[in-house]
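Below are the chains, spelled out letter by letter.
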Amino acid sequence: MIRLENLTYTYPESDRPALAGITLEIAEGEFLLVSGPSGSGKSTLLRCLDGLVPHFYGGAMAGRIEVCGRDPVAEGPREMSRLVGLVFQDPESQCVATTVEDELAFAMENHGLAQATMRERIEDILEPLGIASLRGRRLETLSGGERQRVAIGAVLTLQPRVLVLDEPTSQLDPQGAEEVLRALLRLNRDLGLTVILSEHRLERVIGHADRILYLPGPG
Ligand code: ADP
Ligand code: MG
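Figured I'd write up the structure that's included with this text. This structure is a prediction, so every number in the text was calculated from the model and none was measured. (Residues numbered from 1 in each chain as written. Chains lettered and ligands numbered in written order. Predicted model: local features only at pLDDT ≥ 70, side-chain atom pairs only at ≥ 80, totals over all residues. Heavy atoms only, no water.)

## Here we look at the nonpolar core
The biggest cluster of nonpolar side chains holds 39 residues, and the ones touching the most others in it are Ile152, Leu163, Leu184 and Leu197. Ranked by residue count, the leading element in this core is helix H8 (residues 174-191), at 7 residues. In this structure, Leu4, Leu32, Val53 and Leu86 belong to the second largest nonpolar core, which totals 30 residues. (Core = buried A, V, L, I, M, F, W, Y, C linked by side-chain atoms within 4.5 Å. Buried < 20%, exposed > 50% of the residue type's maximum accessible area, 1.4 Å probe, protein only. Helix = DSSP H or I, 4+ residues; strand = E, 2+ residues; numbered from the N terminus.)

## Some thoughts on the sheet that holds strand E2 (residues 19-26)
The strands making up a sheet associate through hydrogen bonds between their backbones, and the pairing can be parallel or antiparallel. The strand order across the open sheet built from 3 strands is E2-E1-E4, with neighbouring strands paired in antiparallel fashion. Two strands bound the open sheet, and with one partner strand each, they are E2 and strand E4 (60-67). On average, adjacent strands in this sheet sit at an angle of 15° to one another, irrespective of strand direction. Running at roughly 120° to strand E1 (residues 2-10), helix H1 (residues 42-49) makes contact with E1, E2 and E4 of the sheet. (Pairing = 2+ DSSP bridges. Axes fitted to C-alpha atoms, helices over the stretch in contact; angles between N-to-C directions. Contact = heavy atoms within 4.5 Å.)

## A few points about the site of ligand 1
Taken together, Tyr11, Ala18, Pro37, Ser38, Gly39, Ser40, Gly41, Lys42, Ser43, Thr44, Arg47 and Tyr57 make up all the residues around ligand 1. Within the backbone of Ser40, a nitrogen or oxygen atom sits 3.3 Å from an oxygen atom of ligand 1. At a separation of 2.8 Å, an oxygen atom of ligand 1 approaches a polar side-chain atom of Ser43. Split into classes, the residues belonging to the shell around ligand 1 amount to 4 nonpolar, 6 polar and 2 charged. (Near = heavy atom within 4 Å. Polar contact = N/O pair within 3.5 Å; in protein donor to acceptor, adjacent residues only side chain to side chain. Nonpolar A, V, L, I, M, F, W, Y, C, P; charged D, E, K, R; others polar.)

## A short note on the side chain of Thr10
In this structure, Thr10 sits in strand E1. Setting aside residues up to four positions removed in sequence, Thr10 forms contacts with Arg16, Pro17, Ala18, Gly59 and Ala60.

## Observations regarding the packing of helix H5 (residues 100-110) against helix H6 (residues 115-129)
At their nearest, the axes of H5 and H6 sit 10 Å apart, and the two run at 125° to each other. The angle between H5 and H6 places the two elements in the oblique class. Read as a crossing pair, H5 and H6 show a hand that is right-handed. Listed contacts from H6 to Glu101, Leu104, Ala105, Met108 and Glu109 of H5 are Met118, Arg121, Ile122, Ile125 and Leu126. A breakdown of the residues in the contact of H5 with H6 according to their chemical character gives 7 nonpolar, no polar and 3 charged. (Parallel < 35°, antiparallel > 145°, perpendicular 65-115°, else oblique. Left-handed = near helix turned anticlockwise from the far one by under 90°.)

## Structural notes on H1
Counting buried residues along H1, 7 of its 8 residues qualify, which places the element largely inside the surrounding structure. Those residues of H1 not exposed but buried are Lys42, Thr44, Leu45, Leu46, Arg47, Cys48 and Leu49. Backbone geometry just downstream of H1 places Gly51 in the positive-phi region, at approximately 90°.

## Some details on the environment of Ser198
Mapped onto the elements, Ser198 comes out in strand E7 (residues 194-198). Judged by relative accessible area, which is 0%, Ser198 ranks as buried. The sequence separation of Ser198 and Ser170 amounts to 28 residues, and the corresponding C-alpha distance is 9.9 Å. Beyond its immediate chain neighbours, meaning those up to four positions away, Ser198 contacts Val34, Lys42, Leu46, Leu165, Asp166, Glu167 and Pro168.

## What to know about the state of the cysteines
Taken as a whole, this structure holds 0 disulfides when the rule is applied. Left unpaired, Cys48 is separated from the closest cysteine sulfur, that of Cys68, by 15 Å. (Disulfide = S-S within 2.5 Å.)

## Here's the deal with unusual backbone geometry
Among all residues save glycine, negative phi is the norm, and among peptide bonds the norm is trans. Across the junction of Val53 and Pro54, the peptide omega takes the value 10°, indicating a cis bond. By the element assignment, Pro54 lies in helix H2 (residues 52-55). In this structure, Glu13 takes a positive phi of about 60° despite not being glycine. Note on placement: Glu13 falls in the loop between E1 and E2. We classify Glu13 as exposed; its relative accessible area is 88%.

Encoded structure:
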């Protein structure tokens, strides 16, 4: 489903590549944990999957990336967001609306989906994420773990085939982290969603993953 071939990428004004000659395949339905020390390129690798690298960050890229038969470098993040849902570390920085339902609708409104479709997709997403009881709440009243599950819901409304999460539990307390991981496991096992998650604290996630990709150091 995802294939990287000899992928090398260097950020602008950097003198050495953040990713050097990475070759990798990820199968549909896999739960992949990306691990490694800080600065080893986990975030950079994830940003390549939806085209944020190089579209947003600039820099120089060589090699090939294919995600669901598409080339993120050619298509860019907006087009790729229908296939690849990207969730970041800090749920606050990625929330844009005031209430849970508005947050869940936001990406779909941006993509011009019909009202009826939007309502249907929100209904479908509430249960697997365990956020049905939160739907009318204001985001500021939610815990970190609840917010992060809403953020995941917001990207899933575009029905991506891959969910990519960059250290999604690192700012959460243990209970919030466990709730997020349990929701991800349900999405992966029950709905067959491909999940790619980076985390530097292995012990939290290791029991859930099918495979670990370990980045030993820069490049
Ligand atoms: P990780 O997520 O594993 O901590 P990163 O992908 O963030 O690693 O970083 C990999 C390398 O790229 C590091 O050397 C880091 O300093 C560099 N880097 C990350 N983001 C940027 C950026 N926006 N501009 C320049 N260099 C960056
Ligand atoms: Mg990172």
